[in-house]
Structure formats: structure tokens, C-alpha cells
Amino acid sequence: MMTETSISAPGRSHGWSNPLTRRKTNSDGESGERLARVLGLLDLTSLGIGSTLGLGVYVLAGKVALSDAGPAVTISFLIAAIASAFAGLCYAELASRVPKAGSAYVYCYVTIGEFAAFVIGWNLILEYAIGTAAVAKAYSDYVDFAIGGAINSTLTSLFPIHVSFLAPFPDFFAFSLVMLLTVLLAWGVKESSSVNNFFTLINILTVLTVIIAGAFKVNTSYWSIPKETLEANGVTTGGEGGFLPFGWKGVFKGAATCFFGYVGFDVIATTGEEAKNPKRNIPLALIISLVIIFFAYFGVATVLTMLVPYYSQDPQAPLTFAFLKADLPLIKNIISVGTFCALSASLLGAIFPLPRILYAMADDGLLFKCFSDVNKSTKTPLKATLISGILTGIFAALFNLQQLMDMMSIGTLLAYSIVALCILILRYKEEEDVYKPPNSMCENTSPELRSLVKTLWHTYKISFNLNGIKRPTSCSQKMTLWSILFFTIFIMCLCYMTVNDDYFLDTSSILFYALIVAFAVLCIVCYVIISRQPQSDSPVAFKVPLVPLVPICSITMNMYLMMNLDMSTWVRFIIWLIIGFVIYIFYSIKHSVEGRTHNAIQGENQIYSNQTGQIADMTQM
């Protein structure tokens, strides 16, 4: 007769539940060749600055000052910097825990599970591809503007495209630009990093020139223009005047726009396998780059709004316009050079992470194996780099800038939210060596607890950790996970209603305010429950301070900004996800490295179990 064995083995990977929950445990994947560790702290910081401090520093401040915040655009940049810093801190801790290529994809795979990791990885592919194409298109448009529209007029007449959802002509210049930088990346990481360092240096010097030269021409009275002066000058778009002409609502609306000026610094987190001392250098590079980027934006916004009144800003080329008004034509020429360098650095920084995401997912068996091949001479994922460059170049050639920009936001915000969730899950994860006393508060086995009142009291004690448990247990981990889930749902509802308040107020103002209060209270309760649970004290090179406050704030801000996206963006995003689900079901589940590892362990345990049972049967005979 067969006896049961006490050996616990992983579940079989063909079950639908296993791919949803199995986490990455192997460290090396399947690639025979690994990426070369050649990036130091300076290279990483330069990569983060170059990919972020791009066209936004030359356009964003003037546009937000004109239409949203006025001189308070400086505060808008500060709020956006704080929101980005929350995400940056979360990235920094995860990078110190998981120093591998793949960014949020790997972090999610290690902490949440395979399916969620595939979703975020697939989403990052879209984000980086569209982001690269958008920068290439912006570069092409800027060059075309500089030469009087020759590219537009020539290609429109020779190769017109009469399709509503495509560009009016194939942009061969944007395609060629992407392919040029793709070849540079394929040549070697160190070589492309050196080029990026040069472009970033010129960009930073340009920003410093703008701030220093503009400081000699500033007029501080432009920050306090009274409404009477606006009316006397016939200005009808200046709001209420003063430093906050459009109120705090305009400041926060401007912050939502300024937030996207910080998008791109997370490229640093994709260099886990190419960075020297990644556990130290990646967190430092993330923080240093964000600080430099903030001061650049803040300085440019301050000078810009003191050179030209906020209501007179040029939304297309505000810096050029401002320095012409200030009678500094030489600075205008320097700005033109800096713009080209900024676009070049942004383009290189945007295209850099895409092949790394493809490489990481293919190395884990979730995408096609060819993407994980590392060239022996260049030590780069050559095939992934070339294929991603071709696809991105096609996007840049066939779509206009506005269509590309519409899809950039959702991927970034979702990635930031997932990273913040990973921090919460890791901090409150059960520790294996925790001593669990009998009849602990996490066990609900007493017959006396069958009554409703005592059951509710027991649940209340568990939720708020009234017994003062100091280290995470399975019970506290489950309580945290459920609280995180409900908080995410409640904050999504709250943000959606806040963004669409005009619609709800027109329908029923009483119901609207009642729901707002209800969702806000539920979010606060979930936060308190999370904060009362014990945290892991395992040593990590860098830890996010003020957990769970910082990750919760990051999730809240990201959800609010996501709810501001239009419906067409969500539809395109859902279509992209459906394509990914098809690949995951018909390819990834079968080829997953973790899945095959689990199957092998399951098979070995089953053989051992059978042998144990046979020995037991022979003993009883």
C-alpha cells in the first residue's frame, strides 16, 4: 500500500494558477553569453539625464506657464519632481535587490509572479518603442523646421499617404536616424555610452548658459503682475494675475504635464547586468540624475518666466523667443545647438532599454529565444537591438508625433505603479525563520470564535496588529496583500471620479460627494492596516524611507495621471495587451524557464515519492 510523502513539490506548470504566481528564482536564465559590465556611476547618471532632459527643457516650461500655471510653473515642476522621486526611490531599492537587466519586468517577476511580469514587460516594450519613435519624429520635425519645411514638402509630394491614422508621408529621415543609433548601440555599450556622455554634457552646458545669461536680464515684477495691469493691456488669457494666475488647480494641472518631463530616468534600472557595482551605482545614479534634472527644469522655468510675462510665452519655442525678446541673439544660437544635442541624447537614452527588455524576457523563455542571443565580440544583444531598431524606425516613419505621444504615458505610469507595489510586497513579505507560537493570533481555530462578534473582534486584532507582532508572518503578509489590492481598487475609483467630477456633479452632486468621502475613508483604512503590519528588516544596500507612505503616494499620483488619459489611448493599450496575451498563452507558458524548472523538480519529487512508497509497501509485506 502506498504511503503519503511529506515532500512538498512545486505545482505543475501546465496549471493555469501556477504561471500567475510562480516567481523568478534562477539568476542566470539560459543565455550562454552574459552582458558586459562596463557602465560606471558617471555613465549611468549621464544615461538617466540624457534620456530625460530632452526636448522638455526647451519647450515644456513655456507651454505650461502660458496655459496652466503662470509663474507658478516652478511649483508645478517641484510637485512633478516629488512624484518622480517617489518612483525613483522605489526603483532604487529594487535595483539594489535585483541587479539584473530588465527593469520593472524583472522586479515584478521576482516579487509578484510570472504573468504580471509578462504584462509589465510587454507594456514596457510598447513604451520604449513608442518613446523612441516619438523622439525621432520630434528630431525630424525640428530639423525640418530649421531648413524651412523642405522634408515635409518634398516627401509629401513624392510619397503621399492618404490614410487617416498614419502620417501624411513616410519620414525616411526619422527612420534613418533610428537605424543609425541602433547600429551604434549594437556596436557596443561603452561606445554608445561615450557618445551619450558627450551629448549630455553639451545639453547641461546649454542649460547652465541659459540660466546664467538669463539671470542678468530677469524682471522679478513678472511674477506679480496684478489683474488690473492685464485688463489695461487687453490681456484676456492671463487669469487672475499674480504668481498664481490660474489658482492651485492650474498648478496641479501643470504638474500633470510637467511629470512627463521627468519620464526616462528609469532607463538606469535596465542596466543591471551592464553596470559596475549595480547595487550601489544604480540607486545613486537614479537619485543624482533626478536631482540634476529638477534643478535644470526649475532654473529654466524661473529664468523663462522672468524674461517674458507668462501670458506672452511662445508655446513652440519659448526659450528662443525669450532670448530674442531679451536682445541676446547669441544665446538663441546656443539654444539651437543644445536642442540638437538634447534630442540626440534623448533618442539614444530612449532606444537603449528596449533591446534589454527583449533580452531579459527571451532569456526567461517568455519571448522568442533569438532575442536572448548575445554577440561574443560586442557583448550586446545584437539581434534584439537590430529588430527593435527596425520596428521602432517603422513606427517613426509611418506615424505623426501626436499619435506617438498619446501612447507614451500609460506604459510609464503603469510601470511606476507596479514598482511601488513590488516595494510594498517585499517589505511585508513573510520571513521563513519567524517563530510562530501555538494558537497565535493568525490562527482562527478556537470554537469560541464562531460567534459573529468574536470573529469580528479577532479580524480587527489581526488587521491592526494589536498583539504587536514584530516580524512578518504568513498572516500579516496576507493581510497586507489584501489591503494593497483593495487600496488600489479604491484609489482608482477615487481618481476616476475626481478627474471626471464635471460629469458626476451634473448627475448628482450629493451622491458624488458621498462616494468621494466613502472611497477616501476606505483608502485611509487600507493605508492604516498596511502601516500597522510588521516589516521585514532584512539588510538591503538601499531602502525606500517612510514605507508605506512613499509607495502609496507614488501609486496614488500615478493612478490620478492615468485617469487623465483619453479613451482612445486606453483602447490602443488594451489591443496591445490582447496581442501579448496570445503570445503568452501559445508560447510563453510552454517555453518558460521557470516553468520547465518547476516541472523538473516536480518530476524528481514524484520519482522520489514513488520510490519511498515502494519501500514502504515492501516493508509492510
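Up top is the structure these notes are about.
### A look at the nonpolar core
Moving on, step 1. Of all hydrophobic cores here, the largest spans 162 residues; its most connected members are F77, Y91, Y105, I125, Y262 and L367.
Moving on, step 2. The element that contributes the greatest number of residues to this core is helix 6 (residues 114–146), accounting for 18 residues.
Moving on, step 3. Not counting chain neighbours up to four residues away, the residues in contact with L367 comprise F118, W122, I125, L358, M361, A362, I583 and Y587.
Moving on, step 4. Counting residues in hydrophobic clusters, the runner-up holds 5 residues, among them I462, F464, M479 and I529.

### As for the pattern of salt bridges
Moving on, step 1. Scanning all chains against the criterion turns up 5 salt bridges.
Moving on, step 2. For D68, the salt bridge identified is with K253, shortest N-O distance 3.9 Å. One end of the pair, D68, is in helix 3 (residues 56–69); the other, K253, is in helix 11 (residues 247–259), with 185 residues separating them in the sequence.
Moving on, step 3. Under the relative-accessibility criterion, D68 is labelled buried at 8%.
Moving on, step 4. Residue classification places K253 among the exposed residues on the basis of a relative accessible area of 55%.

### A short note on the environment of A520
Moving on, step 1. Structurally, A520 is set in helix 22 (residues 509–532).
Moving on, step 2. You can call A520 partly exposed: its relative accessible area is 27%.
Moving on, step 3. Considered as a pair, A520 and C493 are 27 residues apart in the sequence and their alpha carbons are 9.7 Å apart.

### Some details on the layout of surface pockets
Moving on, step 1. In this structure, the second largest pocket occupies an estimated 1100 Å³ of space.
Moving on, step 2. In this structure, the second largest pocket is lined by 29 residues; those nearest its centre are I112, A116, L421, I425 and L485.
Moving on, step 3. In terms of residue count, helix 20 (residues 474–499) provides more of the lining of the second largest pocket than any other element does, 8 residues in total.
Moving on, step 4. Of the residues in the lining of the second largest pocket, the class split is 21 nonpolar, 4 polar and 4 charged.

### As for the packing of helix 3 against helix 4 (residues 73–97)
Moving on, step 1. Closest axis-to-axis distance for the helix 3/helix 4 pair is 9 Å, and the angle between their directions is 110°. Comparing the axis directions of helix 3 and helix 4 gives the class roughly perpendicular. For the pair helix 3 and helix 4, the sense of crossing is right-handed. Where helix 3 approaches helix 4, its residues L60, A61, V64, A65 and A69 are matched on the opposing element by V73, S76 and F77.
Moving on, step 2. Class assignment for the residues of the contact of helix 3 with helix 4 results in 7 nonpolar, 1 polar and no charged.

What counts, and at which threshold
Residues numbered from 1 in each chain as written. Predicted model: local features only at pLDDT ≥ 70, side-chain atom pairs only at ≥ 80, totals over all residues. Heavy atoms only, no water. Core = buried A, V, L, I, M, F, W, Y, C linked by side-chain atoms within 4.5 Å. Buried < 20%, exposed > 50% of the residue type's maximum accessible area, 1.4 Å probe, protein only. Helix = DSSP H or I, 4+ residues; strand = E, 2+ residues; numbered from the N terminus. Contact = heavy atoms within 4.5 Å. Salt bridge = Lys/Arg side-chain N within 4 Å of Asp/Glu carboxyl O. 1 Å grid on protein atoms, 1.4 Å probe; cavity = no way out; pocket = protein on both sides within 12 Å on 5 of 7 lines; lining within 4 Å. Points joined across faces, edges and corners; volume = space filled by probe spheres on them. Nonpolar A, V, L, I, M, F, W, Y, C, P; charged D, E, K, R; others polar. Axes fitted to C-alpha atoms, helices over the stretch in contact; angles between N-to-C directions. Parallel < 35°, antiparallel > 145°, perpendicular 65-115°, else oblique. Left-handed = near helix turned anticlockwise from the far one by under 90°.

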